[in-house]
Amino acid sequence: MANIGRMLVILGVVLIVFGLALILAGRIPFLGRLPGDIHIRRGQAEIYIPLVTCLLLSLLATLILNLLAHFLQR
């Protein structure tokens, strides 16, 4: 039961951090406007594909989760 409780607490902290990141994402000036992000406008249609932003966020999340897993194994 202790392991389940620990996992729930960690999941709650991860959700809080993710929620705060979503709230603050609009205030980070370069997020979503990195070189490699695709933005196409044709008439009234607009397509936005944030490739590099997704790669950067994925790398950051992977590093954080690996560090978290490393410290939890001790």
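Structure shown above.
Just so we're clear, the structure is a prediction, and the values are computed from it rather than from any experiment.

This part covers the side chain of Asp37. Tracing the backbone through its elements, the reader meets Asp37 in the loop between helix H1 (2-24) and strand E1 (38-42). Although Asp37 is buried, it makes no salt bridge; Arg33 carries the closest opposite charge, 8.4 Å away. Within the local environment of Asp37, its side chain forms a polar contact with the side chain of Tyr48, the two groups lying 3.4 Å apart. In terms of polar contacts, Asp37 uses its side chain to reach the backbone amide nitrogen of Val52, at 3.0 Å.

Bridge count between E1 and strand E2 (residues 45-49): five bridges; the pairing is antiparallel. Looking at E2, one finds that His39 is bridged to Tyr48. Between E1 and E2, which pair antiparallel one after the other, the connecting turn spans two residues, and Gly43 there sits at a positive phi close to 65°.

Okay, a nonpolar patch on the surface next. On the surface, Met1, Ile4, Leu8, Leu11 and Leu15 cluster together to form a nonpolar patch covering roughly 610 Å² of accessible area. Here Leu8 shows up in helix H1.

For the rest of this paragraph, the subject is H1. The first and last C-alpha atoms of H1 sit 33 Å apart over 23 residues, in line with the 33 Å expected at 1.5 Å per residue. By the criterion of burial, H1 is predominantly exposed, with just one of the 23 residues buried.

Procedures and definitions
Residues numbered from 1 in each chain as written. Predicted model: local features only at pLDDT ≥ 70, side-chain atom pairs only at ≥ 80, totals over all residues. Heavy atoms only, no water. Helix = DSSP H or I, 4+ residues; strand = E, 2+ residues; numbered from the N terminus. Buried < 20%, exposed > 50% of the residue type's maximum accessible area, 1.4 Å probe, protein only. Lys, Arg positive; Asp, Glu negative; His and termini not counted. Salt bridge = Lys/Arg side-chain N within 4 Å of Asp/Glu carboxyl O. Polar contact = N/O pair within 3.5 Å; in protein donor to acceptor, adjacent residues only side chain to side chain. Pairing = 2+ DSSP bridges. Patch = residues over 30% accessible without salt bridge, like charges linked within 9 Å, V, L, I, M, F, W, Y side chains within 5 Å. Areas by Shrake-Rupley, 256 points an atom, 1.4 Å probe, with all protein chains shown as cover. Expected span 1.5 Å × (residues − 1).

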